[in-house]
Amino acid sequence: MTFEQKNFNLSEIEFNELRDKLVNGDQHLFEHIFLQHFQKCMDYVIREDKAEDDVAYDATMDAFLSFRMKLVQGKVNYGNLRFLLTRMARQHYYKRAKKENTLDLDLIQHQVADEDFTNNADVMELLQRGWSTLGEKCKHLLHSFYYLGQPLKSIAARTNRKPDALRKQKQRCVDQLRGVVLVK
């Protein structure tokens, strides 16, 4: 799949132009995405999560509406939009199923265990894109904490900072990364 296909057959310039028009009320971008991906996305939730048709439809519709809102708010960047939207639909399905107490936890745990996120090119692409938006302080802190496994207490002592302040900074850095990668 080409990079443009991962982005609903839009170039980055086309996407940005249509997103700007969407902010001003022109619905062509949302219609384009909806027509290209809604059924595929819903089918994926049905197939992968064993969701009932009506529940998958609702979860997918919720994801599309949330995606549209995030587009208007400028919280979605050109990248792998198909992957992002499909992930959002699955997240909406999980929330709905959990709320209705119909979530098959064994199925979810099995799928998560089988899914190797570190080898998933789409996830790595999104992470690299998000990582590039972080400042040096955030990169250093997250690298020390997550990759090197250093406790916040020792990072705080080494950098002459208070652990609570560092914990808050770490959370802001993670939130910033999630904002780019996962679109909360």
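Quick summary incoming for the structure in this document. (Residues numbered from 1 in each chain as written. Predicted model: local features only at pLDDT ≥ 70, side-chain atom pairs only at ≥ 80, totals over all residues. Heavy atoms only, no water.)

**Some details on the overall build of the protein**
Scanning the protein from N- to C-terminus turns up 9 helices and 0 strands. Its helices and strands in sequence order give the protein the pattern α-α-α-α-α-α-α-α-α, from N to C terminus. Counting all 184 residues of the protein, 36% fall into the buried class. Intrachain contacts of the protein at a sequence separation of at least 6 include 66% that bridge at least 24 residues. (Helix = DSSP H or I, 4+ residues; strand = E, 2+ residues; numbered from the N terminus. Buried < 20%, exposed > 50% of the residue type's maximum accessible area, 1.4 Å probe, protein only. Contact = heavy atoms within 4.5 Å.)

**Observations regarding the packing of aromatic side chains**
Applying the stated criterion across every chain, the model contains 8 aromatic pairs. Judged by centre distance (6.1 Å) and plane angle (40°), the ring pair of F30 and F34 falls under tilted. One end of the pair, F30, and the other, F34, are both in helix α2 (residues 28-49), 4 residues apart, so they sit about a helical turn from each other. Judged by its relative accessible area of 26%, F34 is partly exposed. Through pairs of rings, three or more aromatic residues link up here, namely F30, F34, F38, Y57 and F64. (Phe/Tyr/Trp six-rings, centres within 6.5 Å; stacked < 30°, edge-to-face > 60°.)

**What to know about helix α3 (residues 53-72)**
Compared with an ideal rise of 1.5 Å per residue, which puts 20 residues at 28 Å, α3 spans 29 Å between its outermost C-alpha atoms and is within 8% of the ideal. When α3 is considered as a whole, its buried residues turn out to be V55, A56, A59, T60, A63, F64, S66, F67, K70 and L71. Elements that come into contact with the buried residues of α3 comprise α1 (12-23), α2 and α4 (81-99). Following α3 by one or two positions, G74 adopts a phi angle in the positive range, close to 75°. (Expected span 1.5 Å × (residues − 1).)

**Brief notes about the nonpolar core**
Among soluble globular proteins, nonpolar side chains are generally buried collectively. Grouped together as the largest cluster of nonpolar side chains are 28 residues, with contacts concentrated most on F15, I33, F67 and L71. Breaking this core down by element, the ones donating at least two residues are α1, α2, α3 and α4. In this structure, F15 is in contact with L10, L29, L71, V76, N77, Y78 and L81, ignoring residues within four places of it in sequence. In this structure, C138, C173, V174 and L177 belong to the second largest nonpolar core, which totals 6 residues. (Core = buried A, V, L, I, M, F, W, Y, C linked by side-chain atoms within 4.5 Å.)

**Some points on the environment of S144**
Take S144: it is sitting in helix α7 (residues 136-147). By relative accessible area, S144 is classed as buried at 1%. Considered as a pair, S144 and I155 are 11 residues apart in the sequence and their alpha carbons are 7.6 Å apart. At 2.9 Å, the side chain of S144 forms a polar contact with the backbone oxygen of H140. (Polar contact = N/O pair within 3.5 Å; in protein donor to acceptor, adjacent residues only side chain to side chain.)

**With respect to the side chain of R82**
In this structure, R82 sits in helix α4. A distance of 2.6 Å separates a polar side-chain atom of R82 from the backbone oxygen of Q5. Separated by 3.3 Å, the side chains of R82 and H37 make a polar contact. Once residues lying within four places of it in the same chain are set aside, the contact partners of R82 are M1, Q5, K6, F8, Q36, H37 and K40.

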